[in-house]
Amino acid sequence: MTLRYQASRIIKGALYRPKTRGGGLAINGGTPVRDKRVPWPPWPSFDLKDRLELIRTFESGKWWYGEKVKEFESRFAALQDAKYCITCSTGTIGLEIAMQAHGIKPGDEVLVPAFSFVATATAVARMGGKPVFVDVDSSWCLDPDAIEAAITSRTTGVLPVHFGGRVADMDKIRAVADRRGLRVYEDAAHAWGSAWKGKGAGVLGRGGVFSFQMFKNLTAGEGGAITSDDEEFADKCRSIVNCGRVKSKAWYYHAELGTNARITELQASLLLTQLDKLPAQTARRERNAAILDRGLSDIEGFVLQPGDGRISRRSYHFYAFRIDAERFGCDRMQFVKACQAEGLPVTEMYYPEPLYRQPVFYEHPSGDYRNVKCPVAEDLAWKSAIWLNHWLLLGSESDMHQIVEIIRKVKTYATEIPSAK
Ligand SMILES: *Cc1c(COP(=O)(O)O)cnc(C)c1O
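Residues numbered from 1 in each chain as written. Predicted model: local features only at pLDDT ≥ 70, side-chain atom pairs only at ≥ 80, totals over all residues. Heavy atoms only, no water.

**Things to note about the nonpolar core**
Among soluble globular proteins, nonpolar side chains are generally buried collectively.
Link 1 in the chain: Grouped together as the largest cluster of nonpolar side chains are 90 residues, with contacts concentrated most on Phe76, Leu111, Phe115, Phe133, Phe212 and Trp387.
Link 2 in the chain: With 6 residues, the top contributor of residues to this core is helix 9 (residues 265-296).
Link 3 in the chain: Mapping this core onto the domain boundaries places at least three of its residues in each of domain 1 (3-45 + 278-416) and domain 2 (48-272).
Link 4 in the chain: Residue contacts for Leu111: discarding those within four places in its chain leaves Val132, Val134, Ile147, Ala150, Ile151, Thr155, Gly157, Val158, Leu159 and Leu182.
Link 5 in the chain: In this structure, Phe302, Ala338, Leu394 and Val404 belong to the second largest nonpolar core, which totals 37 residues. (Core = buried A, V, L, I, M, F, W, Y, C linked by side-chain atoms within 4.5 Å. Buried < 20%, exposed > 50% of the residue type's maximum accessible area, 1.4 Å probe, protein only. Helix = DSSP H or I, 4+ residues; strand = E, 2+ residues; numbered from the N terminus. Domains from an automatic or database assignment. Contact = heavy atoms within 4.5 Å.)

This is the structure in structure tokens:
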């Protein structure tokens, strides 16, 4: 947390505390629960340590792929319990590299969840494979019971997403995959620090991919990493990231169809100082999410993304929930507008379509995606999914109580919210 932020919230919190409460919803002219001028935690979050480390690397003149990258890779591998970590330019590129290292061939099918960021599916397609969309279940993650029916003679892999940092049911997914001879890869681009039964995300299958883009919980603006316990897979990924080079061979020896997806020492320096802060931030997000869970779990029509006792650490990239319009009393957009007026910056940036409805797939010349239907993903995308961004969970305990107060107030007056279109 920056000093400037801390000072400003104390001052503004005192100045702008509403004197009276009442008059109904702020969107209808009532007093907001929280004055908009009281700041929420900023993201990205940085301090003097990040600045000094960046300057040190800058002044060293060693800006290119070296000791800092190595140090970050070994520390990130330790965080995720991985034997190997290979940094790369972005999470999207990491997924593509993982699919190439998987050995995907034209027409090979990989099962992906229908509700995710587009890269989960485009990575498969860009490497020549065919993403096959499988519905998610009430966990917002790949439905293990729907995998079996989607497997064909061409299926070679499955790529679950740990949605919002909530680890997918890897026991069930792996059981099906092992039985049917599929490789499991994880899109862990929401899951820095998340763990399943004590083992880090990213090594719950053959390989996992992380993102360090600016809105992610660990960031250097852009960046990515591939983790694995499988030496052959890790070596392949390393080679592809680094122009097809092979360790122990000459510099201008190129064995793989590689690319240059290396990160710089400046990125790695920032990732290192940001990584120092991550464990405490994760613990804080988990503590604050528990406060929200306790305050919000009994609201009719407000359905939290459920946890799972086997998730031993959860990154909370999103604090995700569904608004069931009929039971809650208003629809998702009315809820968002009403919360914003009360001083809660609920994001409007949720994934608006199940992935097969994105033009890149829906209008694909093959027509393969025209008739796909995943009802849970459609409900999430079109009607009910909302989330709070992870940096709100870095607020104080009283911020959390205020979030609860705002959502409960919106529930109380839900039927009075004007239609938002
Ligand atoms: C962010 C993200 C990616 C891609 O990561 P970039 O670093 O932005 O390319 C992939 N999958 C999911 C689920 C993501 O949220």
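**Re the pairing of strand 5 (residues 183-187)**
Two faces, one strand: in a regular strand the side chains alternate between the faces of the sheet.
Link 1 in the chain: In terms of burial, strand 5 is a largely internal element, 4 of the 5 residues being buried.
Link 2 in the chain: Alignment of strand 4 (residues 155-158) against strand 5, held across 2 bridges, turns out to be parallel. Across the sheet, residue Gly157 finds its bridge partner in strand 5, namely Arg183. (Pairing = 2+ DSSP bridges.)

**So, the packing of aromatic side chains**
The description of two aromatic rings rests on the distance between their centres and on the angle between their planes.
Link 1 in the chain: Here the structure, examined in full by the defined rule, presents 29 aromatic pairs.
Link 2 in the chain: Ring centres of Phe115 and Phe163 lie 5.2 Å apart, and the angle between their planes is 15°; this geometry places the pair in the stacked category. Residue Phe115 is found in the loop between strand 2 (109-113) and helix 5 (119-126), and its partner Phe163 is found in the loop between strand 4 and helix 7 (170-180); the two are separated by 48 residues along the sequence.
Link 3 in the chain: Phe115 sits in the buried class, given a relative accessible area of 0%.
Link 4 in the chain: Here Tyr319 and Phe321 contribute two aromatic rings whose centre-to-centre distance is 6.4 Å and whose plane-to-plane angle is 55°, an arrangement assigned as tilted. (Phe/Tyr/Trp six-rings, centres within 6.5 Å; stacked < 30°, edge-to-face > 60°.)

**Points about the domain arrangement of the protein chain**
Link 1 in the chain: Taken domain by domain, the protein chain comprises domain 1 (3-45 + 278-416) and domain 2 (48-272).
Link 2 in the chain: Computed over C-alpha atoms, the centres of domain 1 and domain 2 are 27 Å apart.
Link 3 in the chain: Summed over both partners, the interface of domain 1 with domain 2 comes to about 3600 Å²; 64% of that surface belongs to carbon and sulfur atoms.
Link 4 in the chain: In terms of surface lost to domain 2, no three residues of domain 1 exceed Arg310, Tyr351 and Leu355, which account for 20% of the buried area on that side.
Link 5 in the chain: At the boundary of domain 1 with domain 2, the tally comes to 3 salt bridges.
Link 6 in the chain: The salt bridge partner of Asp171 is Arg310, with a shortest N-O separation of 3.4 Å.
Link 7 in the chain: Inspection of the domain 1/domain 2 interface yields 27 residue pairs in polar contact (both at pLDDT 80 or more).
Link 8 in the chain: Looking at the side of domain 1 that touches domain 2, the elements with two or more residues in it are helix 9, strand 11 (311-313), strand 12 (318-323), helix 12 (359-362), helix 13 (375-384) and strand 13 (385-389). (Buried area = accessible area lost by both parts, 1.4 Å probe. Salt bridge = Lys/Arg side-chain N within 4 Å of Asp/Glu carboxyl O. Polar contact = N/O pair within 3.5 Å; in protein donor to acceptor, adjacent residues only side chain to side chain.)

**Some thoughts on the site of the ligand**
Link 1 in the chain: Close to the ligand lie 16 residues; Gly91, Thr92, His190, Ser211 and Lys216 are nearest.
Link 2 in the chain: Residue Gly91 places a main-chain N or O atom 2.7 Å away from an oxygen atom belonging to the ligand.
Link 3 in the chain: At 2.5 Å, a side-chain N or O of Thr92 approaches an oxygen atom of the ligand.
Link 4 in the chain: For the ligand, whose accessible area on its own is 380 Å², the fraction buried by protein is 92%.
Link 5 in the chain: In this structure the site holding the ligand corresponds to the largest pocket. (Near = heavy atom within 4 Å. Areas by Shrake-Rupley, 256 points an atom, 1.4 Å probe, with all protein chains shown as cover. 1 Å grid on protein atoms, 1.4 Å probe; cavity = no way out; pocket = protein on both sides within 12 Å on 5 of 7 lines; lining within 4 Å. Sits in = over half its atoms within 2 Å of the grid points.)

**Thoughts on the layout of surface pockets**
Link 1 in the chain: Its volume calculated, the largest pocket comes out at about 610 Å³.
Link 2 in the chain: For the lining of the largest pocket, the elements supplying multiple residues, two or more each, are helix 4 (91-102), helix 5 and strand 13.
Link 3 in the chain: Among the elements that make up the lining of the largest pocket, the one with the highest residue count is helix 4 (3 residues).
Link 4 in the chain: Looking at the lining of the largest pocket, its residues break down into 11 nonpolar, 12 polar and 3 charged.
Link 5 in the chain: The residue makeup of the lining of the largest pocket includes at least three contributed by each of domain 1 (3-45 + 278-416) and domain 2 (48-272).
Link 6 in the chain: Of the voids in this model, the second largest pocket is the one considered here, and its volume is about 510 Å³.
Link 7 in the chain: Considering the residues around the second largest pocket, the lining is formed by 22 residues, among which Tyr65, Lys70, Glu73, Arg238 and Lys247 are closest to the centre.
Link 8 in the chain: Broken down by secondary-structure element, the contributors of at least two residues to the lining of the second largest pocket are helix 3 (67-79), strand 1 (84-88) and helix 8 (231-241). (Points joined across faces, edges and corners; volume = space filled by probe spheres on them. Nonpolar A, V, L, I, M, F, W, Y, C, P; charged D, E, K, R; others polar.)

**A short note on the packing of helix 4 against helix 8**
Link 1 in the chain: Running from amino to carboxyl end, helix 4 crosses helix 8 at an angle of 125°, the nearest separation of the two axes being 9 Å. Classified by the angle their axes make, helix 4 and helix 8 are oblique. Between helix 4 and helix 8 lies a crossing whose hand is right-handed. Touching Ile97, Ala98, Gln100, Ala101 and His102 of helix 4 are Phe233, Lys236, Cys237, Ile240 and Val241, all from helix 8. (Axes fitted to C-alpha atoms, helices over the stretch in contact; angles between N-to-C directions. Parallel < 35°, antiparallel > 145°, perpendicular 65-115°, else oblique. Left-handed = near helix turned anticlockwise from the far one by under 90°.)

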